[in-house]
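Chain by chain, the residues run as shown.
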Amino acid sequence: MVQSLWNGAWIAALATGAVVIVLIVWAAIFHRKRRAKAELPPQVRYNLPIEMLYTLIPLVMVSVFFFFTARDSERLTHVSGNAPVKVKVEAYQWSWRFTTTVNGKTLPPVSGVPVSDYNKGPQLVLPTKTKVEFDLQSDDVIHSFWVPEFLFKRDVIPGLQQDDPGRKFEVTTLDRTGVFAGRCAELCGVDHSRMLFSVKLVPQAEFDQYIATQQAGSAQ
């Protein structure tokens, strides 16, 4: 969905740019002053059809952009509440703490410290092609939870209550495995650039094994 909105916006922007460039070149070539003619061209105070045209066309363009943006934004920010995997994300200066709950069972939290390599930061393990609900929380300053591969970013704002819709969002993880970089996208202090983490996507069977290992470790 995000990719289609992004592609549509780029296509519309490039088409608009092309039309504007063509009009500028056309005006520069066909309406330049001829050396053989010293007199001024006909002077007019206004041209009602043209003025209506360049008023209505931008209005239509903005309306179309607004419609698709509002429609997709509502779908992107919708939280169903029935995601099988839920992750509490705690952002702090300058790292992250992830607490994963799977089908009502909470795993031990994963915490980190500031690092220069995202592979050395805290790692969040998730299954592929699975709906995941994120609950964002901060006790110090504004951070921003961003995994570029998820095509989604959300500010982590301190002071939001549990039922505040600004705390939660929901995504369906990618359909491929791998380790993906994550970072804070909001300048939050001296070690902001080292506030890195990673998300590891694994097949469901491997994720089930990971859950069993974590639960066994916490029981000891």
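Rules behind the numbers
Residues numbered from 1 in each chain as written. Predicted model: local features only at pLDDT ≥ 70, side-chain atom pairs only at ≥ 80, totals over all residues. Heavy atoms only, no water. Salt bridge = Lys/Arg side-chain N within 4 Å of Asp/Glu carboxyl O. Helix = DSSP H or I, 4+ residues; strand = E, 2+ residues; numbered from the N terminus. Buried < 20%, exposed > 50% of the residue type's maximum accessible area, 1.4 Å probe, protein only. Phe/Tyr/Trp six-rings, centres within 6.5 Å; stacked < 30°, edge-to-face > 60°. Lys NZ or Arg CZ within 6 Å of the ring centre and 35° of its normal.

Asker: Any chance you could explain the pattern of salt bridges here in plain terms?
Answerer: Between side chains of opposite charge, pairing is possible as soon as their charged atoms come close. Under the definition given, this model contains five salt bridges. For K168, the salt bridge identified is with E133, shortest N-O distance 3.7 Å. Of this pair, K168 sits in strand β9 (residues 168-172) while E133 sits in strand β6 (residues 131-138), and the two are 35 residues apart along the sequence. Its relative accessible area of 23% is what places K168 among the partly exposed residues. Between D191 and R194 there is a salt bridge whose closest N-O contact spans 3.6 Å. The class of R194 is partly exposed, set by a relative accessible area of 29%.

Asker: Sorry if this is basic, but what is going on with the packing of aromatic side chains here?
Answerer: Tallied over the full model, the rule gives 12 aromatic pairs. Aromatic pair F67 and F68: ring centres 5.1 Å apart, planes at 75 degrees, arrangement edge-to-face. Classification of F67 by relative accessible area gives partly exposed; the value is 48%. Look at F134 and F169: their rings are 4.9 Å apart centre to centre, the planes differ by 15 degrees, and that puts the pair in the stacked class. Taken as a pair, F134 in strand β6 and F169 in strand β9 lie far apart in primary sequence, 35 residues in all. Taken together, the ring pairs connect W96, F98, F134, F145, F152, F169 and F197 into an aromatic cluster. When the ring centre of W146 is taken as origin, the NZ or CZ atom of K153, which lies over that ring, is 5.6 Å away.

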